[in-house]
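# Report on the structure
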Amino acid sequence: MKKDNYKKFTLSILIYFIILLFLLIVFATINPVKLYTKIVQDQNYLILNYQMQKIKNSSGVNSIFLGDSSLGNSINTDLFTELSNQKTLNLSLTKIYGFAGQFNLLKRANRNSKNDIKNVYLMISYDFLDIDLDDKAYFITQNNFFDILDARNKTKFIIEYFKFSLKLFFEFFNKNEIEYEEYLSKNIKNDFVIQNERDIYKYNLSKKINPYIDSKKFFLKKIEEYSVKHNLNLVILNGPVLDTIYYDNPKAISEFDNFFTNNINYNYYNERVLLKYNDVGNYPMHVKYSMKNTITKKYFDLIK
């Protein structure tokens, strides 16, 4: 009887192992998150796919900008390319992608450019360090299952594969799909997610500076190490900020600067491009459209 139980137990373990091996092979060949993010109407997924498509269609790139929405609304790369005489891409995502999303875009862009990239400008806003969703962001922006090797939480990475496989399955039953190009045309303006009308409550809420999270340094370190390995000039810039936020929060601004100082592997510019009230759009770190070229020139003058 005990021998039969042992055989059943061994057989069960073998079956579970075979199933797991099968799933791993499937995950290695089919990426559910890539498929899912292309059929779901979500602006955060939209900007990710928009930037990945931009990388795929580009060649001979010398400089790239990585960062959050403060970057997306600030830098006109056509103008920056003209001023710097270096072909430049703006690959900005949104705050929720953290340094993890920027790390994966950096790897993708560098592979695609065949090492033509020399300069990496990382621009983030004053509120970028107050939330850490980087584990999920790393999964969403990964290229394939083998990117698990650089994941901070490998268990979460595997769990997300199962979750997005289920999401993809159920999404196929959604009858309200919209063509990607149509969704793109309605939600992208001036090379980034369109600015909605200002919501005063959200606008005022975003002026508050919350405590910064030290765990954000994990993927910043990954970006730093990758840049050193591939001989990239890594420069970290502050996104533009409403002048009253800067002047009213000297302690928080100093803490932000301290997050990046004392590092020999990248250049950190603590200078800020300050905005007047009439310069901003829907959020106090978003430059309004008519100011984008002016702000681009200011950043070029800052780092030239």
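Keep in mind the model is a prediction, meaning the values are calculated, not measured.

## With respect to the side chain of Ser206
Relative to the elements of secondary structure, Ser206 occurs in the loop between α10 (200–205) and α11 (217–229). The class for Ser206 is buried, based on a relative accessible area of 12%. Here Tyr203 takes part through its backbone oxygen, which lies 2.7 Å from a polar atom of the side chain of Ser206. Setting aside residues no more than four positions away along its own chain, Ser206 makes contact with Tyr126, Tyr283, Pro284 and Met285.

## A word on helix α8 (residues 154–171)
Along its 18 residues, α8 runs 26 Å from first to last C-alpha, staying within 8% of the 26 Å computed at 1.5 Å per residue. Backbone nitrogen of Thr155 and a side-chain oxygen of the N-cap are separated by 3.2 Å at the start of α8; the cap is Asn153.

## Some thoughts on the pairing of strand β1 (residues 63–67)
Burial analysis of β1 places five of its five residues in the buried class, the great majority of the element. Looking at chain direction, β1 and strand β2 (residues 88–90) are connected through three bridges and run parallel. By the bridge assignment for β2, Ile64 is matched with Leu89. Across five bridges, the pairing between β1 and strand β3 (residues 119–124) is parallel.

## Overview of the pairing of β3
Counting buried residues in β3 gives six out of six residues, a clear majority hidden from the surface. Every second residue of β3 is oriented toward a common face, with Asn119, Tyr121 and Met123 on one face and Val120, Leu122 and Ile124 on the other, all of them buried. Taken together, the six bridges between β3 and strand β6 (residues 233–238) define a ladder with parallel strand orientation. Its bridge partner being in β6, Val120 is matched across the sheet by Leu234.

## Some thoughts on the nonpolar core
Core analysis: the largest hydrophobic core is formed by 83 residues, its most contacted members being Ile64, Phe99, Leu129 and Phe260. For this core, the leading source of residues is helix α3 (residues 43–56), giving seven residues. Not counting residues within four places of it along the chain, the set of residues in contact with Ile64 comprises Leu89, Leu91, Leu106, Ala109, Ile117, Asn119, Val120 and Tyr121.

## Notes on helix α7 (residues 134–141)
In terms of burial, α7 is largely enclosed, as seven of its eight residues are buried. Turning to α7, its buried residues number three or more, namely Asp134, Asp135, Ala137, Tyr138, Phe139, Ile140 and Thr141.

What counts as what
Residues numbered from 1 in each chain as written. Predicted model: local features only at pLDDT ≥ 70, side-chain atom pairs only at ≥ 80, totals over all residues. Heavy atoms only, no water. Helix = DSSP H or I, 4+ residues; strand = E, 2+ residues; numbered from the N terminus. Buried < 20%, exposed > 50% of the residue type's maximum accessible area, 1.4 Å probe, protein only. Polar contact = N/O pair within 3.5 Å; in protein donor to acceptor, adjacent residues only side chain to side chain. Contact = heavy atoms within 4.5 Å. Expected span 1.5 Å × (residues − 1). Pairing = 2+ DSSP bridges. Core = buried A, V, L, I, M, F, W, Y, C linked by side-chain atoms within 4.5 Å.

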